[in-house]
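Residue-level listing of the chains:
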Amino acid sequence: MKVNSMNYDFRKIEAKWQEYWAKHETFKASNNSDKPKFYALSMFPYPSGAGLHVGHPLGYIATDIYSRYKRHKGFNVLHPMGYDSFGLPAEQYAIQTGQHPAITTENNIKRYREQLDQLGFSFDWSREVRTSNPQYYKWTQWIFIQLFNSWYNKKSDKAEDIVDLVALFEKEGNVIVEAVCDEDTPIFTADEWASFSEKTKQEILLKYRLTYLADTEVNWCPALGTVLANDEIVNGVSERGGHPVIRKKMTQWSMRITAYAQRLLDGLDKIDWPQPLKDSQTNWIGRSEGASVTFNVISSDSEKSQDTIEVFTTRPDTIFGASFMTLAPEHDLVPKITTEAQKAEVEAYVEATAKRSERDRMADIKTISGVFTGAYAEHPFTKEPVPIWIGDYVLASYGTGAVMAVPCGDQRDYDFAKHYNIPIPNIFEGVDISEEAFADKANTVIANSDFLNGLSYKEATKKVIAELERIGHGQGKVNYRLRDAVFSRQRYWGEPFPVYYADGMPQMIDEEHLPLELPEVEKYLPTETGEPPLGNATHWAWDRLKAEVVSNDLIDHVNVFPLELNTMPGWAGSSQYFNRYMDPRNDEAIFSKEAIGYWQDVDLYIGGSEHATGHLLYSRFWQKFMFDKGYVPKDEYAQKLINQGMITGSSAFVFRLLLEARQADSIYDKKEVEDFYSKLLSGNPVLVSKRIRNQLVHTQDSLPFDNLKIRLKDLFFKLENEVKSKFPEAELVSIDFDRRIGGIVPIHADVSLVNASDELDIEAFKEWQPEYKDAEFILEEGKYIVGREIEKMSKSKYNVVNPDAICEEYGADSLRLYEMFLGPLEQSKPWNTAGITGVHSFLKKMWRLYETIEDVEPNKDNLKTLHKTIKKVEEDIENFSFNTSVATFMICVNELTAQKCTSKAILEPLAILISPYAPHIAEELWELLGHAESIAEAPFPKFEANYLVESSKEYPISFNGKLRFKLELPLDMGKDAIEAAVMAHEKTQEQLQGRTPKKVIVVPGKIVNIVG
RNA sequence: GCCUUGGUGGCGGAAUUGGUAGACGCGCUGGAUUCAAAAUCCAGUUCUUUCGGGAGUGUGGGUUCGAUUCCCACCCAAGGUACCA
């Protein structure tokens, strides 16, 4: 018999075991082992200056529970952590303060590490990576070079070395080669290739490389000298400063992700990722089948060369219904084809469109706008002239930036045609299109369409494509919405490109000279001439002979060349980090063949769904590229992925009553009076408690106001006196409530000032906001109750909760359990610290359960409790349903406490069960149970079903589906016997009151339902 | 707008395949203990009621002996929408 008389001192216990794990490297993973491997990964964080809030660890705790569980199950577990440490906030901070982002980042990481450490994660810290570390980004640069030196061969359907492409060009030109390349790539023979200058050859190769330079449209803010993200633009102006933003073309690096569009789509079938996430990738890639059709522009000037407009349509079968065309206002042809008469109007429209964001244009379907260019295209079959319009509902970046508008078959085209009185020819048989377009493919029968008459959608599509091909006006085509990814950023704090420019052409720095480290700059802003921040570096030129970075003064374009001024985007560093963890200190290669051969891929990846189409798509693209080049064995890097939901904050509000003062005469200067009032009234705030606020808002009569006024008599009297002493001549002054709707304003209060019952600590509040030092608080039942609302956690809403204070007060084990207990991992849920006392008292109760440990045989009840817990917890972990297992632990401890269980045979397995969730207390109890080694690798308890066998069941007996009473019957009783027993029961007769039931439904082991 | 997810007591949530709605916890109410408080323990807690019962899982329909669960329509909220990460 062993007695533990200590209290649950979580501070001591948690510090002790965190130290033990660090000292013994308990969680260090080996790159070879007899055990099966398991790679559990959490998305690494961006180390922001605000530190971790309680939302961050949610996914980490889940991954940690699973990792620890797998260790108990006998796996060699890799569970690493690192930092995605390049990013905009550090740069912004640098711009404001001059502090080097590397220093800020280092400090932030230090703080993150402290916060992570105190939560007791089983990370193998020896494998930490930081994307901003030159030893790490050396390999990001290396991958960039590999992409530059590759092209996509459609025949083999994979990336291949650019050298092979050059060999093909030398042999046969580019006519036979099937490669993914730019649209405007010219066609040449082997002889022509040989005759090209070196520069021309390089220019052509750029059209094939998997990373290449191209002109792409960006949101340019001239005032800030920078490119903005869509979400940095509000109503067409920059969020910071409110400067105008325009769409502008810029030469930037792009990644030819479109080459992988089909494989990225197909790969989704092989991986166990959440369906919504797969859906958003599928939609993002946006595969659609249809036809590309070429329309000739009808030229008034016969000397002009023939202009053509290419459109992509998913409904080529409706081509005879095309009554106009719409081009994106940015379309190249617009300035060329616009007639003199329409010029002014078109130019104004193009300019106006340049100010709208793409999202704006897509979201806004209510306002119909467009302008006629004055030009016409020729219908490929009817040869009729088709007017060419421009409209901002057509986006330049999707398809060809031009649509053939078929108003009878497409609602947007229909609305446009109606709005501008363009004819709407009906080409559907038996369909009324006087009110709306008809877009139902399945019930389509084509009419008024020459050779397509009477055909279905499928038949007509097939026939029209064949006909288009025959007359040379188009062909069947698969189109993807996916665009090549822009890879340049005009920022300082990112990976530099290993690129210099000779004769205007990009050249790669040899791999052996990597990493190319970020240069020092004076200022982190764009240069005065609008170049990216690296343009401020004075030491940013490449000496090809010395193979080193030298001063810009030495640039001679012979041996010393300017380096690339852009940096890589945020997603560069995160696109292969999961593989780098396998061999993070390797200086010779991104990872060794042995390391990748052993770990292969990630078994479980947990992170936020907001990365669905960013990181999670780009990293799949890079993985496929790495696979093509033979560097990795799997073309999908994560077998299973779970999205954890967001933890939102529950903001607290106090309600401020607006007061107004009225004056009957006008002796004094109006402005002076108003200023005095506004100052006086704002200096004497009145805050009302929640229920009173609700009464005031919802009431029609003035009774609550009158009551309030009585309560505030003194205050009103005081205010009126102040007014009178200031304006003694004023005849009548009255202070009253401003009763306009919404005349009560909610004001955020810091959530730490509010207790579990939503009661505000008034004294603390006054101290927190000196503005309310002398405020009047109108209470309900002696308390000030705040309003609550769920919002995103953010500093400005005063609803951010840090894990530090919680760890200090309740301990990491309580926090871990509580984060899991909040609700399903995948769902977003609000945080409310108050509830943590529940799991904390559970841990204390559990600790008390181990006060006495005896080597006695467990009884039947003990075993039943233990084994149903084992069963449920194991199922829950496998299903990532961690919230329900916390409830299961509580039930288990409640039952064992009630049973006064002291048996070691029960308490020992229970400690292992809970160890993934609450590892510190589990280790301490394990030691108490007499073990010298860590609990980390103790085998997981085995479930035995025979302890749960029941002999009887309490049947719910319902009448017409409503439960009326319960009846205990043996489980092995047959259907007929159950029916007989139920019918014979006195309560049944009571319910039936002499009626004969129509039907009796008996489901053995479940329920009895009597109908009638 | 489009795509996705969600909607159950005062709150977070549970409910295995269509079979006892509200497990577990917070909060609240009452009690024990205490000089008092904290902590702890016990009991109660969906709403309504004439104490028989009745209603009830966002709203309105439907399928079924039986629907939180399946089907149809709608409403509301959150996330994503290509340079925030």
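Being a predicted model, the structure only gives us computed values, none of them experimental. (Residues numbered from 1 in each chain as written. Chains lettered and ligands numbered in written order. Predicted model: local features only at pLDDT ≥ 70, side-chain atom pairs only at ≥ 80, totals over all residues. Heavy atoms only, no water.)

Peer 1: Hey, could you run me through the confidence of the model for chain A in this one?
Peer 2: Should the pLDDT be low somewhere, the predicted coordinates at that spot are not to be read in detail. When pLDDT is averaged along chain A, the result is 87; 98% of the residues meet or exceed 70. The lowest-confidence element of chain A is strand β1 (residues 2-3), averaging 64 in pLDDT; the highest-confidence one is strand β3 (residues 76-78), averaging 97. (pLDDT = per-residue confidence, 0-100. Helix = DSSP H or I, 4+ residues; strand = E, 2+ residues; numbered from the N terminus.)

Peer 1: What am I meant to see in unusual backbone geometry here?
Peer 2: With glycine set apart, most residues show a phi of negative sign, and most peptide bonds adopt trans. A cis geometry characterises the amide bond from Leu514 onward to Pro515, with omega recorded as 0°. Examined against the element boundaries, Pro515 turns out to sit in the loop between β20 (505-508) and β21 (541-543). The phi dihedral of Glu25 falls on the positive side, at around 45°, and the residue is not glycine. Note on placement: Glu25 falls in the loop between α1 (10-24) and β2 (37-42).

Peer 1: So what exactly am I meant to see when it comes to the protein's contact with RNA strand B here?
Peer 2: Taken together, 59 residues surround RNA strand B, and among them Ala229, Arg359, Ser757, Leu822 and Lys966 come closest. What you see for RNA strand B is that sugar and phosphate hold 61% of its atoms within 4 Å of the protein. For RNA strand B, a base nitrogen lies 3.5 Å from a polar atom in the backbone of Ser488. Contacts to RNA strand B include Arg491, whose side-chain N or O atom sits 3.2 Å from a base oxygen. (Near = heavy atom within 4 Å. Polar contact = N/O pair within 3.5 Å; in protein donor to acceptor, adjacent residues only side chain to side chain.)

Peer 1: Could you clarify how one ought to interpret the pattern of salt bridges in this entry?
Peer 2: Working definition: two side chains of opposite charge can pair if their charged atoms are close together. Following the criterion strictly, the structure yields 34 salt bridges and no others. Notably, a salt bridge pairs Asp64 with Arg68, separated by 3.0 Å at the nearest N-O pair. Placement of the pair is Asp64 and Arg68 together in helix α2 (residues 57-72), with a separation of four residues, close to one helical turn. Between Glu875 and Lys871 there is a salt bridge whose closest N-O contact spans 3.5 Å. In this pair, Glu875 and Lys871 both sit in helix α27 (residues 860-878), four residues apart, roughly one turn of the helix. Given a relative accessible area of 37%, Glu875 falls into the partly exposed group. (Salt bridge = Lys/Arg side-chain N within 4 Å of Asp/Glu carboxyl O. Buried < 20%, exposed > 50% of the residue type's maximum accessible area, 1.4 Å probe, protein only.)

Peer 1: Before we go on, may I ask you to explain the pairing of β2 in this structure?
Peer 2: It is a general feature of regular strands that their side chains alternate between the two faces of the sheet. Here β2 lies mainly inside the structure; six of its six residues are buried. With burial as the criterion, each face of β2 is covered, one bearing Lys37, Tyr39 and Leu41 and the other bearing Phe38, Ala40 and Ser42. Crossover β2 to β3 through α2 is right-handed. (Right-handed = clockwise from strand over helix to strand, strands pointing away.)

Peer 1: Where do I start with a nonpolar patch on the surface in this structure?
Peer 2: The grouping of Val175, Ile176 and Ile187 at the surface amounts to a nonpolar patch, some 320 Å² of accessible area in total. Inspection of the secondary structure assignment puts Val175 in the loop between α6 (162-172) and α7 (190-195). The class of Val175 is exposed, set by a relative accessible area of 55%. (Patch = residues over 30% accessible without salt bridge, like charges linked within 9 Å, V, L, I, M, F, W, Y side chains within 5 Å. Areas by Shrake-Rupley, 256 points an atom, 1.4 Å probe, with all protein chains shown as cover.)

Peer 1: Would you explain the nonpolar core in this entry?
Peer 2: Looking at soluble globular proteins, one finds that nonpolar side chains tend to be buried together. Trp253, Phe487, Tyr605, Leu760, Tyr850 and Tyr917 are the most contacted members of the largest nonpolar core, which totals 203 residues. If near-sequence neighbours (up to four positions away) are discounted, Leu760 is found in contact with Val654, Ala749, Leu753, Val754, Phe765, Phe777, Tyr784 and Val786. Grouped together as the second largest cluster of nonpolar side chains are 39 residues, Leu333, Phe438, Leu452 and Leu455 included. (Core = buried A, V, L, I, M, F, W, Y, C linked by side-chain atoms within 4.5 Å. Contact = heavy atoms within 4.5 Å.)

Peer 1: Sorry if this is basic, but what is going on with the side chain of Asp392 here?
Peer 2: Looking at where Asp392 falls in the secondary structure, it is placed in the loop between β15 (385-391) and β16 (402-405). Taking the relative accessible area as the measure of exposure, Asp392 reaches 7% and is therefore buried. The contacts of Asp392, once residues within four sequence positions are left out, are Pro329, Tyr349, Thr353, Arg356, Arg361 and Ser369.

Peer 1: Can you help me understand the sheet that holds β2 in this one?
Peer 2: Sheet strands associate in pairs through backbone hydrogen bonding, adopting either a parallel or an antiparallel arrangement. The strand order across the open sheet formed by four strands is β3-β2-β24-β25, and the pairing between neighbours is parallel. Looking at the sheet topology across the chains shown, the edges are occupied by β3 and β25 (638-644). When the angles between neighbouring strand axes are averaged without regard to direction, this sheet yields 20°. Each of β2, β3, β24 (602-608) and β25 touches α2; the most contacted strand, β2, lies at about 170° to it. (Pairing = 2+ DSSP bridges. Axes fitted to C-alpha atoms, helices over the stretch in contact; angles between N-to-C directions.)

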